[in-house]
Amino acid sequence: MTKYLTSNCDHFKSDDIGFASNAIINDGVVIFPTETVYGIGADALSDNACKKIFKIKERPMDNPLIVHASSTREIEKIASIKDVVNFEALSKLWPGPLTIILPSLGVISSSATAGQDTVAIRIPDCNLALELIRMSGVPIAAPSANLSTRPSITDSAYLKKNFDGKVDVIFDAGKTRYGIESTVILPKGDSCLILRPGIYTEDDFKGIFTKVTFSENLVDSPRSPGTKYRHYSPSKKLYMPSSVEELIKIEKKWPGKYAIICSSETGKKIGGKNLLLLGSRNDPYEIASKLYDSLIKFDMSPYEEGLIEPLSGSGIYLSIMNRIKKAAISIQEGEL
Ligand code: TXA
Ligand code: MG
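All residue numbers refer to position in the chain's written sequence, counted from 1. Chain letters start at A and ligand numbers start at 1, both assigned in the order the entries are written. Local features in a predicted model are, by the rule used here, given only for residues with pLDDT of at least 70; side-chain atom pairs are given and counted only at 80 or more, and totals for whole chains, interfaces and linings are based on all residues. For side-chain calculations, the full set of non-hydrogen atoms in the structure is used, while hydrogens and water are omitted.

(A) Here's a closer look at the pairing of strand S15 (residues 305-308). For two strands to count as paired, DSSP must find a minimum of two bridges between them. Strands here mean DSSP runs of E at least two residues long; helices mean DSSP runs of H or I at least four residues long; both are numbered from the N terminus. For strand S12 (residues 237-240) and S15, the ladder comprises three bridges, and the chain directions are parallel. Each residue of the ladder has a partner; that of Lys 237, found in S15, is Glu 305. Pairing of strand S13 (residues 259-262) with S15, which is carried by three bridges, proceeds in the parallel orientation. Of the residues in S15, the one forming a bridge with Ile 261 is Ile 308.

This is the structure in structure tokens:
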């Protein structure tokens with residue numbers, strides 16, 4: 001049976017954390033909030049516990065999990081930081097939406113690292129999560145709490161449908177702050193490769209490393225195993241037209257046929273009941289926080305197919321577009 005607890009990132013009861021940490025210590029699985037998305041977590045040192053996560057999520061076993069820690073001291077017990085220049089400056093971005101790939105010291109379960117000699121580590125900026133890690137006394141391996149290939153979950157209202165009866169604890173903690181997953185980086189000497197963009201963007205790393213590269217721009221790069229899989233997709237067909245003008249044209253051709261996920265500015269031009277608004281184009285934080293929610297709402301809507309606005313911009317917009325491109329099917333002018 002799944003136990004539901006109402007503590008959240010800012011207000012938590014120690015009884016709740018005690019109950020959940022007890023589940024972690026006993027090889028159980030706990031869904032908890034972070035500042036990015038919900039995580040489905042287990043004792044990162046226990047192979048048995050980590051395997052349960054793969055099974056519940058239906059995640060391929062070659063896609064490693066992110067290990068969550070509560071302090072850099074704890075990290076030094078599981079990974080080597082000696083070759084990371086400016087680790088101190090980098091670690092100032094923690095607690096926060098940053099995951100660093102480091103050489104593993106071999107302590108973390110080989111299921112969690114998917115047998116790789118590196119380990120992905122982050123210190124989340126959510127007091128509930130940090131307290132859960134501290135009370136459990138072990139690092140917690142936690143991928144995003146969604147079924148494999150489906151959108152990450154940013155609102156606890158959607159957790160029950162997928163995970164009731166399958167996990168030991170669910171924190172019913174409402175909406176998460178940022179709404180897209182952490183930035184994953186691979187530091188190498190004085191350069192840094194961004195494997196998955198997020199709320200922290202290129203600019204945040206430029207003062208720390210002399211060279212910052214996006215793995216999307218490289219042909220021959222070491223990639224996050226997760227990037228080769230389908231991702232973040234609703235179960236229905238979602239199309240991304242080549243421009244906003246093209247999106248408006250399709251809607252005019254087929255009024256009300258498609259659910260339309262778009263900015264409030266584009267929504268104003270279209271009008272109608274079939275809109276799922278992401279918020280203003282002037283506020284990338286708002287758009288990021290509503291993206292997965294809109295994909296899930298589209299899945300639950302009566303519309304069979306959907307359109308999503310192609311957004312442009314730098315910084316966080318690149319991270320938002322990274323998710324949209326994986327969730328949607330890009331279409332050319334005149335295809336629909
Ligand atoms: O915000 C987040 O990062 C959330 C919350 C729960 O912390 N977690 C999350 O985990 O998004 P997940 O498993 O959905 O995404 C982890 C990504 C995957 O693309 C995986 O392939 C990559 O990190 N990854 C994990 N370990 C890696 C490693 N050793 N080397 C390269 N990539 C790794
Ligand atoms: Mg994920």
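On we go from here.
(B) The environment of Asp 190, seen in detail. Note on placement: Asp 190 falls in the loop between strand S9 (183-188) and strand S10 (191-196). Only protein chains enter the accessibility calculation, which uses a 1.4 Å probe. A residue is then buried if its area is under 20% of the maximum for its type, exposed if over 50%, and partly exposed in between. With relative accessibility at 46%, the residue Asp 190 sits in the partly exposed group. The spatial distance from the C-alpha of Asp 190 to the C-alpha of Thr 213 is 12 Å, given a sequence separation of 23 residues. When checking whether two residues touch, look at their non-hydrogen atoms; a contact exists if any pair is within 4.5 Å. Leaving out residues up to four positions away in the same chain, Asp 190 has contacts with Val 85, Phe 209, Thr 210 and Lys 211.

(C) Geometry of the packing of helix H10 (residues 284-300) against helix H11 (residues 316-327). At a minimum axis distance of 9 Å, the contact between H10 and H11 shows a crossing angle of 15 degrees. Looking at the two axes, H10 sits roughly parallel to H11. Relative to H11, H10 is oriented so that their crossing is left-handed. Mapping the contact onto sequence places Pro 284, Tyr 285, Ile 287, Ala 288, Leu 291, Tyr 292 and Leu 295 in H10 and Ile 316, Tyr 317, Ile 320, Arg 323, Ile 324 and Ala 327 in H11. Here an angle of 0 to 180 degrees is reported between the N-to-C directions of two axes, which are lines fitted to C-alpha atoms, with helices fitted over the stretch in contact. Throughout this description, any angle smaller than 35 degrees is read as roughly parallel, any larger than 145 degrees as roughly antiparallel, any in the 65 to 115 degree range as roughly perpendicular, and the remainder as oblique. Handedness of a helix crossing follows the sense of rotation of the near helix relative to the far helix, less than a right angle counterclockwise being left-handed and clockwise being right-handed.

(D) Main features of the nonpolar core. Side-chain atoms within 4.5 Å link the members of a nonpolar core, which is a set of buried Ala, Val, Leu, Ile, Met, Phe, Trp, Tyr and Cys residues. Judged by nonpolar contacts, the single largest core of 51 residues is most densely connected at Leu 90, Phe 163 and Phe 205. For this core, the secondary structure elements donating two or more residues are strand S3 (39-43), helix H2 (47-57), helix H4 (87-91), strand S5 (98-103), strand S6 (118-122), helix H6 (159-163), S10 and strand S11 (211-214). Of all the elements, H2 adds the most residues to this core, at five residues. Discounting residues that sit within four places of it in the chain, Leu 90 has contacts with Val 84, Leu 98, Ile 100, Ile 185, Phe 205, Ile 208 and Phe 209. Judged by nonpolar contacts, the second largest core, of 26 residues, contains Tyr 178, Tyr 232, Leu 295 and Ile 316.

(E) Main features of the pattern of salt bridges. The rule for a salt bridge is simple: a side-chain nitrogen of Lys or Arg has to be within 4 Å of a carboxyl oxygen of Asp or Glu. This structure, assessed with the given rule, holds 14 salt bridges. Residue Glu 333 is joined to Lys 249 by a salt bridge in which the shortest nitrogen-to-oxygen separation is 3.7 Å. Of this pair, Glu 333 sits in the segment after strand S16 (329-330) while Lys 249 sits in helix H8 (residues 244-253); the two residues are 84 residues apart in sequence, bridging distant segments of the chain. Just as Glu 333 is exposed, Lys 249 falls in that class too. For Glu 309, the salt bridge is made with Arg 281, and the minimal N-O distance between the two is 3.0 Å. You can see Glu 309 sitting in the loop between S15 and H11 and its partner Arg 281 sitting in the loop between strand S14 (275-277) and H10, a full 28 residues away along the chain. Shared partners join several salt bridges into a network, and the residues in it are Glu 246, Lys 249 and Glu 333.

(F) Focus on the domain arrangement of the chain. Bear in mind that the domain bounds are from an automatic or database domain assignment. Segmenting the chain into domains produces domain 1 (3-183) and domain 2 (237-330). When two parts are brought into contact, each loses some accessible area as probed by a 1.4 Å sphere; the total of that loss over both is the buried area. Between domain 1 and domain 2 lies a buried interface of about 1100 Å² when both sides are counted; carbon and sulfur atoms form 63% of it. Among the residues of domain 1 in contact with domain 2, Pro 151, Tyr 158 and Ile 180 are the three that bury the most area, contributing 50% of the side total. At the junction of domain 1 with domain 2, the criterion picks out one salt bridge. Among the ionic pairs, Arg 323 bridges to Glu 181, the shortest N-O distance being 2.8 Å. Polar contact is the term for a pair of N or O atoms within 3.5 Å; when the atoms are in protein, one must be able to donate a hydrogen and the other to accept it, and sequence-neighboring residues count only if both atoms are side-chain atoms. On inspection of domain 1 and its partner domain 2, the count reaches four residue pairs in polar contact (both at pLDDT 80 or more). In the scheme used here, Gly and all other residues not listed as nonpolar or charged are polar, with Ala, Val, Leu, Ile, Met, Phe, Trp, Tyr, Cys and Pro taken as nonpolar and Asp, Glu, Lys and Arg as charged. The residue makeup of the side of domain 1 that touches domain 2, split by class, is six nonpolar, four polar and three charged.

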